[in-house]
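Here is how the chains run, residue by residue.
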Amino acid sequence: LFDFLGGTPDPGGAWSPPFISGNGIFDPTLDSEGTYTYEVFSEECNLLSQASVEVTFGDTPDLVGVEISADTDFCLGSSVVVTLSGADQLADGTYTIVYELSGANNLVTFADIDLVSGISFFNISGNQLVNPGVTTISIVDFFFNPGECPGDVGNIEPIEVNIEIIETPSLIEEGATFCDEDEPTIQDLSNNIDGVGNVVWYDAPEGGNIYDETDLLIDGLIYYGAFVSTNECESSPRQEATVVIET
């Protein structure tokens, strides 16, 4: 409690009532709430100086059984929704958590969560997950209100998410040039991609409509291709291909 006295108190004094530990250190597991007075006597000046500290115990959230979970794979730029569950012993209401990102992305920040029937959710923005790779999400504090005593988060296991980035496809040399007699289709354009992956072709650089692989190619038209992963992450920007049909 020495640090809570304020000013510049002299060492060597005594606390009243004395701490149960006997070592001059307040132990909340042994000592009780109340007023503790620190006294220092100066024999030289025959003066007794004293200051008091009022100690109160705040409630801490019971976090036994609490866990977090999320999907494991996300596209670069997308948000991650984390589910917090197992908090059935806590009353419904708003709590404050502090979470940490480590690994591919590094950040410590807080979020206010609304707990209902032991379950809540919080969102990690894609702006906080700017690097591809594995990121670990950990809960490092859990409060009723900021500034109050935190719950014991030691048993809330961290989780890992993988942030995926897909490279833009590229065409082989003259990969958009075809003979009219071959009646080239979207599939023929995909066959000329340099690399392996699922290619989707659009009619616009962003958004737009997807072509069917059997659609005939049109001379002079620009097609926009992207690799799409099994997690439906799409490469960006899309590859432009201006088709030339030679007769």
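Caption draft 1: Up close: the overall build of the protein chain. A count of helices and strands for the protein chain gives one helix and 18 strands. Here the C-alpha atoms of the protein chain give a radius of gyration of 32 Å, more than 25% beyond the 18 Å that 2.2 N^0.38 yields for 247 residues. Counting only C-alpha atoms and orienting by the principal axes, one finds that the protein chain spans roughly 110 × 45 × 25 Å. Taken over 247 residues, the protein chain has a buried fraction of 34%. Long-range contacts, defined as pairs at least 24 residues apart, comprise 59% of the intrachain contacts of the protein chain with a sequence gap of at least 6. Accessible surface, the protein chain as shown: approximately 14600 Å² in total, 48% of it carbon and sulfur.

Caption draft 2: Focus on the sheet that holds strand E3 (residues 47–55). Taken together, the three strands give an open sheet; going across it, the order is E1-E2-E3, and neighbouring strands pair in antiparallel fashion. Each end of this open sheet is capped by a strand with a single partner; those strands are strand E1 (14–16) and E3. The average angle at which neighbouring strand axes cross in this sheet is 25°, direction not considered. Here E1 pairs with strand E2 (residues 34–42) via three bridges, running antiparallel. Bridge pairing in E2 links serine 16 to threonine 37.

So, how was this worked out
Residues numbered from 1 in each chain as written. Predicted model: local features only at pLDDT ≥ 70, side-chain atom pairs only at ≥ 80, totals over all residues. Heavy atoms only, no water. Helix = DSSP H or I, 4+ residues; strand = E, 2+ residues; numbered from the N terminus. Rg over C-alpha atoms; globule rule 2.2 N^0.38 Å. Buried < 20%, exposed > 50% of the residue type's maximum accessible area, 1.4 Å probe, protein only. Contact = heavy atoms within 4.5 Å. Areas by Shrake-Rupley, 256 points an atom, 1.4 Å probe, with all protein chains shown as cover. Pairing = 2+ DSSP bridges. Axes fitted to C-alpha atoms, helices over the stretch in contact; angles between N-to-C directions.

Note that every value here comes from positions in space, so none of it alone points to a role or purpose.
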